[in-house]
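Residue-level structure breakdown
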Amino acid sequence: MERTLLMIKPDGVEKRLIGRIIWILEENGFKILGIRSKHFTREEAERFYEVHRGKEFFNSLIDYITGGMVVGIMVEGENAVEKVRELIGATDPKKARVGTIRFMYGESIERNIVHASDSKESADRELKFFFET
Ligand code: CMP
């Protein structure tokens, strides 16, 4: 069993997709171990997305992610990291596979509804922003 973080971003919260996303996770056999909403400070958001520091979209990403509430969901399942990434689809909703969360609800590469950890190491690091693990 593996754990990962799925984070609903401010546009997902604004669009009232929290329940639907949790439903999709459960419907796909994942277990929800924790849910916590929070409002990132700039410093936290910059640490959360530190691998993107220096990229041209970094400041705009931080403005956006600190602009509203986010919801962190601790998800458990077999190969959860890879499978949740499949379920959310490509970063750019225009390139996301039909049926994925980003395909269905994402507006643009930045306003793409959700984030999910891209490796076990990222999952361990990112879960700590929401949960005492
Ligand atoms: P996420 O999976 O949360 O990881 C980093 C985020 O940066 C990404 O989703 C996008 O929302 C955002 N982003 C904005 N512009 C870009 C870009 N050109 N390439 C990749 N990610 C981008």
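Check the entry above for the structure.
Counting from 1, residues in each chain are numbered in the order their sequence is written. Residues qualify for local features only when their pLDDT is at least 70, as the model is predicted, and side-chain atom pairs are given and counted only at 80 or more; totals for whole chains, interfaces and linings, by contrast, use all residues. The side-chain figures draw on all heavy atoms in the structure; neither hydrogens nor water molecules are used.

Turning to helix H5 (residues 80-88), a few remarks are in order. Partly exposed describes any residue whose relative accessible area lies between the buried limit of under 20% and the exposed limit of over 50%, with all areas from a 1.4 Å probe on protein chains only and scaled to the type maximum. Helix and strand assignments follow DSSP, with helices taken as H or I runs no shorter than four residues and strands as E runs no shorter than two, numbered in order from the N terminus. Looking at H5, one finds that the buried residues are Ala80, Val81, Val84, Leu87 and Ile88. Along the axis of H5, the buried residues cluster in a sector spanning 130°; they form a single face. On its buried side, H5 packs onto strand S1 (2-8), helix H2 (18-27), strand S3 (70-77), helix H6 (101-105), strand S4 (114-116) and helix H7 (120-127). Gly89 occupies a position one or two residues after H5 and carries a positive phi of about 90°. By construction, the arc corresponds to the directions joining the helix axis to the C-beta atoms. In what follows, residue pairs with any heavy atoms lying within 4.5 Å of each other are defined as contacts.

Of all 7 residues in S1, 6 are buried; the element is thus mostly enclosed. Strands qualify as paired when DSSP identifies two bridges or more between them. As paired elements, S1 and S4 share 3 bridges and run antiparallel to each other. Within S4, the residue paired with Met7 across the bridge is His115.

Interpretation in functional terms is not warranted from these geometric data alone.
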